[in-house]
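Report on the structure
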Amino acid sequence: MHRIPACRYSESMVDQPRDGVYPDYWEADVVLRDGGTAHLRPITPADAPAVQAFHMAQSRNSVYLRFFTYKAKLTDKELRRFTEVDHRDRVAFVITTGGEILGIGRYDRLDDRTEAEVAFNISDRHQGRGLGSILLEHLAAAARENGIRRFSAEILPENRKMLDVFSDAGYEVHRHYDDGVVSLAFDIDPTDRSRAVMESREHRAEARSVAGLLAPASVAVIGASRKWGSIGYQLLEHVIEGGFTGPVHAVNPDALELSGRLSYASVRDVPTPVDLAVIAVPYDEVATVVEDCAAAGVKGLLVATAGFADDGERGSERQRALVRQARANGMRLIGPASLGLANTRPEVSLNASMAPQLPLRGGLGLFTQSAAIGVALYAATSRRQVGVSTLLSAGNRADVSGNDLMQFWEDDDDTRACGLYLESIGNPRKFSRIARRLARTKPVVVAKSDVMGLRLPPGHAVRTTQAPAGALDAMLRQAGVIRVETVEQLVDVAQLVVSQPLPAGPSVAVLSNSLALGKVVADAVEAHGLQVGELEAGLDLESGQSVALAQLRRRVLAVLGKPSLHAAVVTLLPANGVGVNAITEVLHECSRQTGKPVVAAFTGNLDPALQVEGLLGPGVPSFSNPGAAVAALAAVVRYSQWRQHDQAAFDLPAGIDPQAVAVRLDELLQDVPGDALLQVPPAIAGELLGSYGIRVLESVAFTTDEEAVAAAERLGWPVALKTLDPILRHRLDLGGVRLNIEDADSLRRNIDSMRRVLAPYGRFGMEVQAMAPVGQSCTLRAIEDPLLGPVVSFGLAGDAVNLLDDWSHRVPPLTSADVAELVRAPKASRKLFGYQGLPAVNVAALEDLAARLAVLKDEHPEVGLLELNPVLVGTDGLTILAADLRIGNPAQRTDSARRAMRS
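About the thresholds
Residues numbered from 1 in each chain as written. Predicted model: local features only at pLDDT ≥ 70, side-chain atom pairs only at ≥ 80, totals over all residues. Heavy atoms only, no water. Helix = DSSP H or I, 4+ residues; strand = E, 2+ residues; numbered from the N terminus. Expected span 1.5 Å × (residues − 1). Buried < 20%, exposed > 50% of the residue type's maximum accessible area, 1.4 Å probe, protein only. Arc of directions from axis to C-beta. Contact = heavy atoms within 4.5 Å. Salt bridge = Lys/Arg side-chain N within 4 Å of Asp/Glu carboxyl O. Pairing = 2+ DSSP bridges. Axes fitted to C-alpha atoms, helices over the stretch in contact; angles between N-to-C directions.

**Quick look at helix 17 (residues 545-560)**
Here helix 17 is 16 residues long and its end C-alpha atoms lie 22 Å apart, about the 22 Å a rise of 1.5 Å per residue gives. Along helix 17, the positions that sit buried rather than exposed are A548, L549, Q551, L552, V556, V559 and L560. Considered in projection along helix 17, the buried side chains sweep an arc of 160° and stay on one side of the axis. In helix 17, those exposed residues whose orientation departs by more than 90 degrees from the buried face are S546 and R554. Where helix 17 is buried, its residues touch strand 23 (507-512), strand 24 (531-536), strand 25 (567-572), helix 18 (580-594) and strand 26 (598-602).

Have a look at this one:
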């Protein structure tokens, strides 16, 4: 769509490209603006015929805008130049669907090795699908990897679409008009605005792709059957009986008619377009059916067929091939082994699932993975009368995941709260990013086991974590997620958040018709970290229904009318003549009038026919167990407090130089093989940390006594003497540290003494260091985890972390609120704020250090481990006594600076 002037490149660059290894990790499946999918990959010489066909299919105007002149056909020399690249100085990507090239993007490095000229060419038939912006993101990521920091381009002024691609990308674009051409230039390092633009585009595209699955215009059930009880039979019946508002097609080569409608031998034979294909054919036939769907132009697939997880590596490869086949042909895929999906919106009314009925309509969006959990959630919500907006079971979640559903729910007016049961997580950084944004407007309830991320369910092909225990849960808390452990707990919380206003604070009124029961519930309220603002245990429900209900209304309104109270728990023993539904109607009215949440607990019911759990009457969250009611309310209070306070910004600390660190790390890693970690020498580590404003107190290793004395003279007396052993250097009690050495003679004696004392443990080197001001000893650690990416941990040094595992963890990027919580989360952190009469330390300095460490780790995945230990935090500031820095070649993070679907 705009030219690259050949005069700016040497002939050697054009005709003799350097050989380069094909970077297969640059390949990516992408979601386009309209929700369709495509495959992006580096160009190869084999693409020459397809590039020629692409060019010849373009209009005269598009060719002119690309080359500044019209040419009906590319020459052989031009084809070689466009398709033969070295993946370093000359990079090109193609985006394809079904083997057809939709768009081409490329860059060529200029004489200034940090700059490259970029160009795009988008198919006329696929304009407006966001191809240019996706190509720009991937080209920029590849260019940064190859040391390029700036893009430039020349565009004809009438080429408004391409000018918009650059101006809308979020970079600071500089324009210059000369001789009828607009010249553009911009730095390609990600900015806050470019990241925001990428996330916004990603959100819109993924939300539309899911909307196409949940609200298709037409459905075909492939593998529909007459055999009662078979999966194909049930899926077709449920779609029809659920009242789907669009055309429903049955596909079965062995039947002429199914459920009163014509049956087709293949989806290719269906005379009208099919948006969603529901596949319930034998395991060995799935690939052929997907191929038929691609040929028929189907937009989305729901694969109910199981067996992939049971077929070992062959099944895993078949599953991967299935996803590649679907995405390459523009289709999203739910499953395999999916329970199905449901959409209760009247305009859709779709039950393409194994659930016998369309769920009750309501405001809860549900996502599950395995079909078994999907059945459990469907049953629990149905039993408790919790209405659902949309439900999707991802099965083996080979493609569509919880992240995709959250993107959709964020814009879905029918969804007021979101519930997800996760058995594995493929891209937790992206999950955290989306969930944090979603949770600001809609509660997000996540059920997961404590071992999720450590091992995988059958059929789930994602990474596992090596992060410290609690890191994944900490990430969920950062994102404002309401974390629960079971299906029942998920529904406990869900029935509250879909029906009640959020509590404004933690003060709870407890009302009961039993003093003993009221006191027990009040104790539970305090045990969950809430405050008992008032205890009313004298409710009289034995004086007839009308009198009892009038008194109940009066007492509840009086309590909730107090500004100091934020919610009420009404816990009642059975009363003669007063029905549960009548009570819930009164409680609903009280909640509506005061705008405060009310939960009910009906304890002691012995009538199995009487329902006391769920959204009863007009919609009051009710429980048979008051403990469950209090636990659900406490979880919602914590979420409400997070929402009130999570407005902190991601502020960059002053005085940091990420570019200097990136260049130095590239130099250090040139000779580091594979996944090995290189321990960086202290002097170089100090240089790297200094670029982030992190200063380590200098220490000097020595081999002779005279070297030690000379170092101490330079550092200044008094000094500390330490062994270099990584364990003993922190053990004053074992003789690995000597403090306040005042002069040379004393230093020589201490060196000799330390050698003798440590002899039973071995022979170790030693170092001297100037004495630091006294302070509380702390530890900060940052690692690169295969699943979570950067993880930052904090604790008070010594037994608190070594024996009691008293750490707090956070996953960058961190807001100022995240940093404040990081240093306050360990149980031993009370020692930082004044303890047993001691003055509080300079917590602001500690928070500043934690923020700098978090940014450093987030910006540089090459940092495999960075430990600052000990950090002495005093009343006036802090001193870092030692830093252990190890670097390596990082794997691609799960949420990178380019849009790509999970591979």
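Anyway, onward from the coordinates.
**Topic: the pattern of salt bridges**
With the rule as written, the count across this model stands at 56 salt bridges. Where D848 meets R852, a salt bridge forms, and the shortest distance between an N and an O atom there is 2.9 Å. Of the two residues, D848 and R852 both sit in helix 26 (residues 843-859), four residues apart, roughly one turn of that helix. Taking the relative accessible area as the measure of exposure, D848 reaches 35% and is therefore partly exposed. Ionic contacts of the salt-bridge type, sharing partners, join the residues D29, R327, R332, D399 and D404 into one network.

**Here we look at the side chain of N252**
Here N252 is to be found in the loop between strand 10 (248-251) and strand 11 (257-258). When residues no more than four places from it in sequence are discounted, the contact partners of N252 are A224, S225, L258, S263, Y264 and A265.

**Quick look at the sheet that holds strand 25**
Pairing between sheet strands relies on hydrogen bonds along the backbone, with the strands arranged either parallel or antiparallel. The six strands are arranged 24-23-25-26-28-27 in an open sheet whose pairing can be described as mixed. Of all the strands in the sheet, just strand 24 and strand 27 (614-616) have a single pairing partner and so form its edges. Adjacent strand axes in the sheet meet at a mean angle of 30° when their direction is disregarded. As defined by bridge partners, strand 26 adjoins strand 28 (residues 620-623) across two bridges and the pair is classed as parallel. Paired with A601 across the strands is F623, a residue of strand 28. Each of strand 25, strand 26, strand 27 and strand 28 is contacted by helix 18, which is oriented at about 160° to strand 26, the strand it contacts most.

**Details of the pairing of strand 25**
With six of six residues buried, strand 25 lies mostly within the body of the structure. On strand 25, burial covers both faces: A567, V569 and T571 on one face and A568, V570 and L572 on the other are all buried. Relative to strand 25, strand 23 runs parallel, the two sharing five bridges. Paired with A509 across the two strands is A568, which belongs to strand 25. When strand 25 meets strand 26, the two strands line up parallel, connected through five bridges. From the neighbouring strand, A568 faces strand 26, where its bridge partner is V598.

**Observations concerning the sheet that holds strand 20 (residues 417-422)**
The seven strands lie next to each other as 17-16-19-18-20-21-22, forming an open sheet whose pairing is mixed. In this open sheet, the two strands that pair with only one neighbour each are strand 17 (350-353) and strand 22 (482-484). For this sheet the average axis-to-axis angle between neighbouring strands, irrespective of direction, equals 15°. As paired elements, strand 18 (residues 361-368) and strand 19 (residues 388-393) share six bridges and run parallel to each other. Across the sheet, G365 pairs through a bridge with T390, a residue of strand 19.

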